[in-house]
Amino acid sequence: MKKIIFNTDSLIMGGAEKIAIEYLKLLNESKKFKIFLLINEDNGIERNILLNEIPPEIRYEYVVEKDIIKKLNSYREKKKNNIFAKILYNYFLYKRRKNYKKNIVKILKKEKYDYLMDFYCKVPIEVIDERAICWLHSSLKKIKNKSFYKEKFQKAKTIIVITEDMKKEFYHNFPFLKDKVKILYNFFDISEIKRKSIEYSEIDKKFQKLLDDNYILSCSRIDKNKDLGTLIKAFKIVKEKKFSIKEKLYIVGDGPEKKEIEKLVNKLKLQKEVIFLGTQLNPFIWMKNAELFVHSSKKEGFGMVLVEAMICETLVIATDCPVGPREILENGKNGILVEPENIKQLADKIEIYLLNKKLRTPFIENANTRIIEFSRENIKNSILRILE
């Protein structure tokens, strides 16, 4: 039985973190590999939401010292309004990088293995060799030190990208390495998502009434890239129209910009109309019951929530940001695309598709065909071929 070392960043409830767990499950179910999971950060019991999702057969270990992560998280919350906290945050960020590099190099030099899955493309170059499979989750335009990645990719076995656009970017930047790159879409257990989308027993009683109301849904990490400010301002425009829509805006997720977004909600006097639901272990039931799913990102690596909403048969309105939404929605065939940061255009589309339910039908029908491309079985066959 071949041995895989799988390096992921954390167990928080994020898109890449969830897909990492799904890959672990898929590889474990194949019965072909012994897996050792290296998790960079231990964020504590409350924030390690995905811990219970790790198959019990898989041995795991945290890489960075827990005390460093604890202090880093503490100063992350305080650094916006405190220059001293910002200095300490940057200091512990530096310590995290140094500690990660030292510890993971030590572990990888000690362990015997057949494949290294570098899921965040963070493993130091000195321990990258022909056993390494490196993932890229975002546009190559964000990569500054391309000479470093050139050397790393030359040493690796395979580089995985998650969209066709990313593959084109890779060809442009590293044309001499094009034989090493493969596309593997982020995949989804479609039947499980559909099951969870109607599983009311998993919803906390305090949320039951909210599910019965009419609402628009957004589901993401609350940070600057997700640009929830544009969505909230667009929602304000729609609410002020003479027909006065009854739908509220629900936001599933958490993140460093939550307080700023709450301030904006208060400023626009939308406290009773915008509801923050926090992190939800089952976001699919919220997607299924929403009138619309709206995603206002400035940039994406893939946009997993768009596919999840499509599986739940809810119309998606998304910004046409790099690099995932246009490809997922097939140029607007399976959902609505709007310009990033265009408040008026987003408001107009929300208004049109809230008021005209029949207009949603062809997009939802097209999406039902599109989601097959993202099925678990499709990607399982592809990853196993890479590991042959």
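Preceding this section is the structure that the text describes.
Right, let's walk through the structure included here. Remember, it's a predicted structure, so these values are computed and weren't measured experimentally. (Residues numbered from 1 in each chain as written. Predicted model: local features only at pLDDT ≥ 70, side-chain atom pairs only at ≥ 80, totals over all residues. Heavy atoms only, no water.)

### Details of the overall build of the protein
Counting its regular elements, the protein contains 15 helices and 13 strands. For a compact globule of 388 residues, the expected C-alpha radius of gyration is about 21 Å, and the protein comes in at 21 Å, within 12% of that figure. Structurally, the protein occupies a C-alpha span of about 65 × 50 × 45 Å along its principal axes. Per-residue burial for the protein yields a buried fraction of 55% across its 388 residues. Long-range pairs, those at least 24 residues apart, make up 69% of the contacts in the protein with a sequence separation of at least 6. Of the charged side chains in the protein, 78 are positive and 55 negative, and the gap between their average positions amounts to 4 Å. (Helix = DSSP H or I, 4+ residues; strand = E, 2+ residues; numbered from the N terminus. Rg over C-alpha atoms; globule rule 2.2 N^0.38 Å. Buried < 20%, exposed > 50% of the residue type's maximum accessible area, 1.4 Å probe, protein only. Contact = heavy atoms within 4.5 Å. Lys, Arg positive; Asp, Glu negative; His and termini not counted. Charge placed at Lys NZ, Arg CZ, Asp CG, Glu CD.)

### Description of the environment of Lys358
Its location among the elements puts Lys358 in the loop between helix 13 (343–355) and helix 14 (361–370). The exposure class assigned to Lys358 is exposed, which follows from its relative accessible area of 76%. Each C-alpha atom, one on Lys358 and one on Asn282, is 28 Å from the other, the two residues being 76 residues apart in sequence.

### Some details on the side chain of Arg96
As for its placement among the helices and strands, Arg96 is situated in helix 3 (residues 83–110). For Arg96, a relative accessible area of 9% corresponds to the buried category.

### Some remarks on the sheet that holds strand 10 (residues 274–278)
Spatially, the six strands line up as an open sheet ordered 10-9-8-11-12-13, and their pairing is parallel. The open sheet is flanked by strand 10 and strand 13 (336–338), the only strands paired with a single partner. Ignoring which end each strand starts from, the neighbouring axes of this sheet average 25° apart. (Pairing = 2+ DSSP bridges. Axes fitted to C-alpha atoms, helices over the stretch in contact; angles between N-to-C directions.)

### Structural notes on the packing of helix 8 (residues 228–239) against helix 9 (residues 258–267)
Axis separation between helix 8 and helix 9 bottoms out at 10 Å; the angle between their running directions is 15°. In terms of their interaxial angle, helix 8 and helix 9 are classed as roughly parallel. In this structure, helix 8 crosses over helix 9, and the sense of that crossing is right-handed. Listed contacts from helix 9 to Leu228, Gly229, Ile232 and Lys233 of helix 8 are Ile261, Leu264 and Val265. A breakdown of the residues in the contact of helix 8 with helix 9 according to their chemical character gives five nonpolar, one polar and one charged. (Parallel < 35°, antiparallel > 145°, perpendicular 65-115°, else oblique. Left-handed = near helix turned anticlockwise from the far one by under 90°. Nonpolar A, V, L, I, M, F, W, Y, C, P; charged D, E, K, R; others polar.)

### A closer look at a nonpolar patch on the surface
Together, Ile83, Phe84 and Ile87 make up a nonpolar patch on the protein surface, roughly 360 Å² of accessible area in all. Its location among the elements puts Ile87 in helix 3. (Patch = residues over 30% accessible without salt bridge, like charges linked within 9 Å, V, L, I, M, F, W, Y side chains within 5 Å. Areas by Shrake-Rupley, 256 points an atom, 1.4 Å probe, with all protein chains shown as cover. Salt bridge = Lys/Arg side-chain N within 4 Å of Asp/Glu carboxyl O.)

### Quick look at the nonpolar core
Residues Phe6, Tyr23, Trp135, Leu136, Phe153, Trp286 and Ile383 are the most contacted members of the largest nonpolar core, which totals 103 residues. Those residues in contact with Ile383 that sit more than four places away from it in its chain are Tyr23, Leu26, Met117, Trp135 and Leu184. If you look at the next biggest cluster of nonpolar residues, it comprises 30 residues, including Leu231, Ala234, Ile251 and Leu264. (Core = buried A, V, L, I, M, F, W, Y, C linked by side-chain atoms within 4.5 Å.)

### Thoughts on the sheet that holds strand 7 (residues 181–183)
Read from one edge of the open sheet, seven strands run 3-2-1-4-5-6-7, paired in parallel fashion. The strands lining the two open edges of the sheet, one partner per strand, are strand 3 (59–62) and strand 7. Mean inter-strand twist for the sheet, computed between neighbouring axes without regard to direction, equals 20°. Of the strand pairs in this sheet, strand 6 (residues 158–161) and strand 7 are connected by three bridges, and their pairing is parallel.

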